[in-house]
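The residues making up each chain are set out below.
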Amino acid sequence: LSLHDALPISGCEVFVITNMMPAWAKDYPPISNLKILLDRAPVPPDLDIILTDSKDAEGQGALEYKELHPNAMFVCMSFETANWVRVFIPEFAKQISFSRGIFSHADLFLACSNQAAKYLLEWMKDDNPRAKCQVIRPVVNMYALREADKSPWPAEKQFAVWTGRPSPNKGGDVAFD
């Protein structure tokens, strides 16, 4: 389960506030406690947690919600930081800029691996030394696995599925070589 599945299934009311309908939304059955709000739609006054994975405009929008809900925990999830990119994809590092501004307000960081957590804490040590980091590992999509059992392809035929962002720095250009 992912956060957008696990929290509502556990009884939490979850609002995904975004600038466009998430691509994953059409691939899953509806979950009653999961609501997708587009472009500054009204939210309830009692938000407990505000989570963003964006260091850009969308993250700034999440930070604005934090200002309206000062008692809510502000959580920033990171998949990569500038220092990580410089080490592992130096040629790509010249093409991007990462701002620490939004992340400097975080109460908690989430990272996808121990290594990502190490680089995230190192990157933020001067701008937000108080925030702790929790590792949340990539999830297994149980819904997709159940749907795969309904596949018309013969079981003896092996195949691989790759998902992710198709950008070259994420390996999208070689995924099917």
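All of the points below concern the structure found in this document. (Residues numbered from 1 in each chain as written. Predicted model: local features only at pLDDT ≥ 70, side-chain atom pairs only at ≥ 80, totals over all residues. Heavy atoms only, no water.)

## Some remarks on the overall build of the protein chain
Helices and strands together make up the secondary structure of the protein chain, namely 6 helices and 6 strands. Starting at the N terminus and ending at the C terminus, the protein chain contains elements arranged as α-β-β-β-α-β-α-α-β-α-β-α. Looking at the protein chain as a whole, 29% of its 177 residues qualify as buried. Within the protein chain, contacts between residues at least 6 apart in sequence are counted, and of these 54% link residues at least 24 apart. (Helix = DSSP H or I, 4+ residues; strand = E, 2+ residues; numbered from the N terminus. Buried < 20%, exposed > 50% of the residue type's maximum accessible area, 1.4 Å probe, protein only. Contact = heavy atoms within 4.5 Å.)

## A short note on helix α5 (residues 114–124)
Those residues of α5 that sit buried are A116, A117, Y119, L120, W123 and M124. Tucked inside the fold, the buried residues of α5 contact β4 (73–78), α3 (82–88), β5 (108–111) and β6 (132–135).

## Focus on the environment of H69
Position of H69 among the secondary structure elements: in the loop between α2 (57–68) and β4. Sequence separation between H69 and D46 is 23 residues; the distance between their C-alpha atoms is 7.4 Å. Every residue in contact with H69, bar those within four places of it in the chain, is listed here: V43, P44, P45, L47 and I50.

## Looking at a nonpolar patch on the surface
Nonpolar side chains collect at one region of the surface, where I49, L51 and M73 lie side by side and expose about 270 Å² of accessible area between them. With respect to the helices and strands, the residue I49 is situated in strand β3 (residues 49–52). (Patch = residues over 30% accessible without salt bridge, like charges linked within 9 Å, V, L, I, M, F, W, Y side chains within 5 Å. Areas by Shrake-Rupley, 256 points an atom, 1.4 Å probe, with all protein chains shown as cover. Salt bridge = Lys/Arg side-chain N within 4 Å of Asp/Glu carboxyl O.)

## Some words on empty space enclosed by the protein
Summed over the entire model, instances satisfying the criterion amount to 1 cavity of 30 Å³ or more. Taken as a whole, the largest cavity spans an internal volume of roughly 40 Å³. The wall of the largest cavity is formed by S78, F79, E80, T81, W84, A111, A116, Y119 and L120. In terms of residue count, α5 provides more of the lining of the largest cavity than any other element does, 3 residues in total. Class assignment for the residues of the lining of the largest cavity results in 6 nonpolar, 2 polar and 1 charged. (1 Å grid on protein atoms, 1.4 Å probe; cavity = no way out; pocket = protein on both sides within 12 Å on 5 of 7 lines; lining within 4 Å. Points joined across faces, edges and corners; volume = space filled by probe spheres on them. Nonpolar A, V, L, I, M, F, W, Y, C, P; charged D, E, K, R; others polar.)

## Some details on the sheet that holds β3
Taken in spatial order, the 4 strands make up an open sheet running β3-β4-β5-β6, and their pairing is parallel. The two strands at the open ends of the sheet, each matched to only one other strand, are β3 and β6. In this sheet, neighbouring strand axes are inclined to one another by 25° on average, regardless of whether the strands run parallel or antiparallel. Bridging between β3 and β4 involves 4 bridges; their strand directions are parallel. Residue pairing for β4: T52 is matched across the bridge by C76. Sitting on the sheet, α2 is in contact with β3 and β4, with an inclination near 170° to β3. (Pairing = 2+ DSSP bridges. Axes fitted to C-alpha atoms, helices over the stretch in contact; angles between N-to-C directions.)

## Quick word on the nonpolar core
Looking at soluble globular proteins, one finds that nonpolar side chains tend to be buried together. Within the largest apolar cluster, 20 residues are counted, with the highest numbers of intra-cluster contacts made by I50, F74, C76, F103 and F109. Excluding residues that lie within four positions of it along the chain, I50 makes contacts with A62, Y65, K66, H69, A72, M73, F74 and V75. (Core = buried A, V, L, I, M, F, W, Y, C linked by side-chain atoms within 4.5 Å.)

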